[in-house]
Amino acid sequence: MAHFIFAIAINMGIGGWIAAIISALGFVIMFGIASSMGDYQGLIQTTLNNDAIQRDRKKAKNS
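Residues numbered from 1 in each chain as written. Predicted model: local features only at pLDDT ≥ 70, side-chain atom pairs only at ≥ 80, totals over all residues. Heavy atoms only, no water.

1. A short note on the overall build of the chain
Next up, step 1: A tally of helices and strands in the chain yields three helices and zero strands.
Next up, step 2: Starting at the N terminus and walking to the C terminus, you meet the elements of the chain as α-α-α.
Next up, step 3: Across the 63 residues in the chain, those meeting the buried criterion constitute 0%.
Next up, step 4: Of the accessible surface of the chain, which amounts to about 5800 Å², a share of 68% is contributed by carbon and sulfur atoms. (Helix = DSSP H or I, 4+ residues; strand = E, 2+ residues; numbered from the N terminus. Buried < 20%, exposed > 50% of the residue type's maximum accessible area, 1.4 Å probe, protein only. Areas by Shrake-Rupley, 256 points an atom, 1.4 Å probe, with all protein chains shown as cover.)

As structure tokens, this is what we get:
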């Protein structure tokens, strides 16, 4: 059955298929939540602010 889904053999067992399916469903659900909220700019700004804080802490620690 799996050889009809993909063009190449990936040799995944049941555990691999379960992990792939859960990951794909999780991605779709989280993408849907993020799209419905639409706060991409806030996410980017928060990420950049957290990165700046980490860099400042690292500089202070090394100084």
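2. Overview of the pattern of salt bridges
Next up, step 1: Within this structure, the stated rule accounts for one salt bridge.
Next up, step 2: Close ionic contact of Asp51 with Arg55 constitutes a salt bridge, the shortest N to O distance being 3.1 Å. You can see Asp51 and its partner Arg55 sitting in helix α3 (residues 40–62), four residues apart, about one turn around the helix. (Salt bridge = Lys/Arg side-chain N within 4 Å of Asp/Glu carboxyl O.)

3. Quick word on the layout of surface pockets
Next up, step 1: Of the volumes computed, that of the largest pocket is approximately 160 Å³.
Next up, step 2: If you trace the largest pocket, you find it lined by Met30, Phe31, Ile33, Ala34, Met37, Gly38, Asp39, Tyr40 and Leu43.
Next up, step 3: Those elements that place two or more of their residues in the lining of the largest pocket are α2 (14–37) and α3.
Next up, step 4: Sorting elements by how many residues they give to the lining of the largest pocket places α2 first, with five residues. (1 Å grid on protein atoms, 1.4 Å probe; cavity = no way out; pocket = protein on both sides within 12 Å on 5 of 7 lines; lining within 4 Å. Points joined across faces, edges and corners; volume = space filled by probe spheres on them.)

4. Observations regarding a nonpolar patch on the surface
Next up, step 1: Taken together, the side chains of Ile21, Leu25, Ile29, Met30, Ile33 and Met37 define a hydrophobic patch exposed on the protein surface, amounting to about 630 Å² of accessible area.
Next up, step 2: Examined against the element boundaries, Ile29 turns out to sit in helix α2. (Patch = residues over 30% accessible without salt bridge, like charges linked within 9 Å, V, L, I, M, F, W, Y side chains within 5 Å.)

Taken by themselves, the reported measurements are silent on function.
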